[in-house]
Amino acid sequence: MRKGILTIAAVGLLTTGGLTACSDDSGDGGAAAKTPKIGVILPDSKSSARWETADRRFLEEAFKAAGVQYDIQNAQNDKTAFQTIADQMITSGVTALMIVNLDSGTGKAVLDKAKSQGVATIDYDRLTLGGSAQYYVSFDNETVGKLQGEGLSKCLTDKGVKNPVVSYLNGSPTDNNATLFKAGYDSVLKPKFDSKEYVKGPEDAVPAWDNAQAATIFEQQLTKANGKIDGVLAANDGLGNAAISILKKNKLNGKVPVTGQDASTEGLQNILVGDQCMTVYKAVREEAKAASDLAIALAKGEKKDTGQTVKDPEGGRDVPSVLLTPKAIYKENVKDVIADGYVTKEEVCAGAYAKLCADAGIS
Ligand code: BGC
């Protein structure tokens, strides 16, 4: 099935784009003689604010600093659009393509096609299972999940709840990162469920990390648990905010700790108010810079040693990788995210949040 799609797509490109596949005999992957041009496909703008507010900004910053041509586009959670954008970028002569896949199947098709055209490839943030990217740049995603599990556990201890019922709002089932986050928080929470220190409540994965759907799902979880949920492991700030909106409706916000990820403005504000227990900050500027350095090297036909690999559990490949370190954020260190230039004080401390910011030492 997959093979069929690939063949048709490749033929389509040959006839319409007029490019010849695999005509390279220089042994450098076809990039050395070309002017570096980097294409980036972001996944959407709703599952997390980060893609448009952080990744786009920091990738532009890195590409501009390096003086390379670039084209950053957003597939808006549309898999067909994702493939069309990739085709256009390849036809327009990108020498390196960086993707944040919407699922491994469509991601693989795009990577394989780019490779067959001599375009260098990078999996940015999400590993494409069974894919062919030359590099993978991300954070240590299992550690992200571990910080969430530890964070929830710390906040439940602070609240002094005995045998708390914990529900899970996992990320998209088609995002390998969601699998890694869950492995991380399970490593902390499962032993507590097994020892009956905690009670496992409802668990659901949220398709495509859809925030609106997450609210409906959490409302159902709360009903299913007869209103008795004491802590919510939400895999990112958007899902956390969805749970908080339902907790608010039930006058339970602030009483039930909720986790998150991405240190979004909304997530940080929820922490300042006390509706969210913690978030995980990932310094996207560093992620963008690392990916940009690799993409530029590849575009010049150079190879860089990242000193680390990640095993693709589906393809069995050891993918050369850069994995950065995430950081847990609580009310006390919201200021670190601002000091790092990820979000501004003006955004986070607007209006009613000004006093809460002052209380949290944000000056
Ligand atoms: C990213 C998260 C993001 C989520 C939803 C994951 O792959 O690592 O930072 O919140 O996707 O976009």
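### Let's talk about the nonpolar core
The biggest cluster of nonpolar side chains holds 46 residues, and the ones touching the most others in it are Ile-38, Leu-59, Met-98, Tyr-124 and Tyr-342. When residues of this core are assigned to their parent elements, the largest contribution, 8 residues, is made by helix α10 (residues 284–299). Of the residues that make up this core, three or more belong to each of domain 1 (2–133 + 284–324) and domain 2 (141–281 + 330–359). Residues in contact with Ile-38, not counting those within four places in the same chain, are Phe-63, Val-68, Gln-69, Tyr-70, Asp-71, Val-94, Ala-96, Met-98, Ala-295 and Ile-296. With 42 residues, the next largest nonpolar core counts Tyr-168, Tyr-185, Leu-189 and Ile-244 among its residues.

### Comments concerning the site of the ligand
Close contacts around the ligand come from 14 residues, with Ser-47, Asp-125, Arg-126, Asp-175 and Asp-262 the closest. The contact in question runs from an oxygen atom of the ligand to an N or O atom on the side chain of Asn-177, over 2.9 Å. Within the contact set of the ligand, an oxygen atom lies 2.6 Å away from a side-chain nitrogen or oxygen of Asp-262. Its free accessible area being 310 Å², the ligand has 100% of it covered by the protein chains. Counting atoms within 2 Å of the grid points, the majority share of the ligand lands in the largest cavity. Here the residues of the shell around the ligand sort into 3 nonpolar, 5 polar and 6 charged. Split by domain, the shell around the ligand shows at least three residues from each of two domains, domain 1 (2–133 + 284–324) and domain 2 (141–281 + 330–359).

### Some remarks on the sheet that holds strand β10 (residues 309–311)
Taken together, the 7 strands give an open sheet; going across it, the order is β2-β1-β3-β4-β5-β11-β10, and neighbouring strands pair in mixed fashion. A single partner strand is all that each edge strand has here, and the edge strands are β2 (69–74) and β10. Neighbouring strand axes in the sheet, compared pairwise and without regard to direction, differ in orientation by 25 degrees on average. Looking at chain direction, strand β4 (residues 120–124) and strand β5 (residues 135–139) are connected through 3 bridges and run parallel. Bridging from a neighbouring strand, Asp-123 pairs with Tyr-136 of β5.

### Some remarks on the pairing of strand β7 (residues 199–205)
As paired strands, strand β6 (residues 165–170) and β7 are joined by 5 bridges and run parallel to one another. Note on β7: the bridge partner recorded for Leu-169 is Asp-204. A crossover links β6 with its parallel partner β7, the connecting element being helix α6 (residues 176–194), and its sense is right-handed.

### Details of the domain arrangement of the protein chain
Each domain of the protein chain was delimited in the assignment, giving domain 1 (2–133 + 284–324) and domain 2 (141–281 + 330–359). For domain 1 versus domain 2, the distance between C-alpha centres works out to 31 Å. Contacts between the two partners involve 18 residues from domain 1 and, on the opposite side, 13 residues from domain 2. Interface of domain 1 and domain 2: buried area, both sides summed, is about 1,200 Å²; carbon and sulfur atoms make up 38% of it. Counting the contacts that link domain 1 with domain 2 gives 1 salt bridge. Arg-126 is the salt-bridge partner of Asp-175, the closest N and O atoms lying 3.0 Å from each other. The interface formed by domain 1 and domain 2 includes 7 residue pairs in polar contact (both at pLDDT 80 or more). Looking at the side of domain 1 that touches domain 2, the elements with two or more residues in it are α2 (50–66) and α10. The biggest single contributor to the side of domain 1 that touches domain 2 is α2, with 4 residues. When grouped by side-chain class, the residues that make up the side of domain 1 that touches domain 2 number 6 nonpolar, 5 polar and 7 charged.

### As for the environment of Lys-182
Within the element layout of this structure, Lys-182 appears in helix α6. Taking the C-alpha atoms as reference points, Lys-182 and Gln-148, separated by 34 residues in sequence, lie 9.4 Å from one another. The contact partners of Lys-182, leaving out residues within four places of it in the chain, are Tyr-168, Asn-170 and Glu-203.

### Digging into empty space enclosed by the protein
The full count for this structure, using the stated rule, is 1 cavity of 30 Å³ or more. Considered as a void within the structure, the largest cavity measures approximately 110 Å³ in volume. Trp-51, Arg-126, Trp-209, Asn-236 and Asp-262 are, among the 14 residues lining the largest cavity, the residues nearest its centre. Within the residue set of the lining of the largest cavity, elements represented by two or more residues are α2 and α6. Within the lining of the largest cavity, the residues separate by chemical class into 3 nonpolar, 5 polar and 6 charged.

### What to know about the pairing of strand β1 (residues 37–42)
Burial within β1 is extensive, with 6 of its 6 residues counted as buried. Here β1 shows no split at all, with Lys-37, Gly-39 and Ile-41 on one side and Ile-38, Val-40 and Leu-42 on the other all buried. Sheet topology places β1 next to β2; 6 bridges connect them, and they run parallel. Along β2, the bridge assignment pairs Gly-39 with Asp-71. Relative to strand β3 (residues 96–99), β1 runs parallel, the two sharing 4 bridges. Within β3, the residue paired with Gly-39 across the bridge is Leu-97.

Definitions and cut-offs
For every chain, the first residue of its written sequence is number 1, and the numbers climb from 1 along that sequence. Totals for whole chains, interfaces and linings use every residue, but because this is a predicted model, local features are given only for residues with pLDDT of at least 70 and side-chain atom pairs only at 80 or more, for both listing and counting. Only heavy atoms go into the side-chain values, all of them from the structure, while hydrogens and water stay out. To form a nonpolar core, buried Ala, Val, Leu, Ile, Met, Phe, Trp, Tyr and Cys residues must be joined to one another through side-chain atoms within 4.5 Å. Think of it in three bands: with a 1.4 Å probe and only protein chains considered, a residue is buried below 20% of the maximum accessible area for its type, exposed above 50%, and partly exposed in between. The helix count covers DSSP runs of H or I at least four residues long, the strand count covers runs of E at least two residues long, and both are numbered beginning at the N terminus. The domain limits used here are those given by an automatic or database domain assignment. The contact criterion used is simple: two residues touch if any of their non-hydrogen atoms lie within 4.5 Å. By convention in these notes, a residue is near a molecule or strand provided one of its non-hydrogen atoms lies within 4 Å of it. Polar contacts here mean pairs of N or O atoms no more than 3.5 Å apart (in protein, one a potential hydrogen donor and the other a potential acceptor; neighbouring residues in sequence count only if both atoms are side-chain atoms). Methods summary: accessible areas were calculated by the Shrake-Rupley approach with a probe of 1.4 Å, and residue burial reflects only the protein chains presented. The pocket and cavity definitions rest on a 1 Å grid over protein atoms only: a 1.4 Å probe that fits but cannot leave marks a cavity, an open set with protein on both sides within 12 Å along at least five of seven lines marks a pocket, and residues lining either have an atom within 4 Å of a point. Any molecule with more than half of its atoms within 2 Å of a cavity's or pocket's grid points is counted as sitting in it. As a working rule, the residues Ala, Val, Leu, Ile, Met, Phe, Trp, Tyr, Cys and Pro are called nonpolar, Asp, Glu, Lys and Arg charged, and the rest polar, with Gly in that last group. Here, strands pair whenever DSSP counts at least two bridges between them. Here the axes come from fitting lines to C-alpha atoms, over the contacting stretch only for helices, and the angles between their N-to-C directions go from 0 to 180 degrees. Crossovers are marked right-handed if the path from the first strand over the helix to the second runs clockwise, as seen with the strands pointing away from the viewer. Here the quantity called buried area is the accessible surface, traced with a 1.4 Å probe, that two parts lose on coming together, added over both. Salt bridge, as used here, is a side-chain nitrogen of Lys or Arg placed within 4 Å of a carboxyl oxygen of Asp or Glu. Grid points are joined across faces, edges and corners, and a volume is the space filled by probe spheres set on the points.

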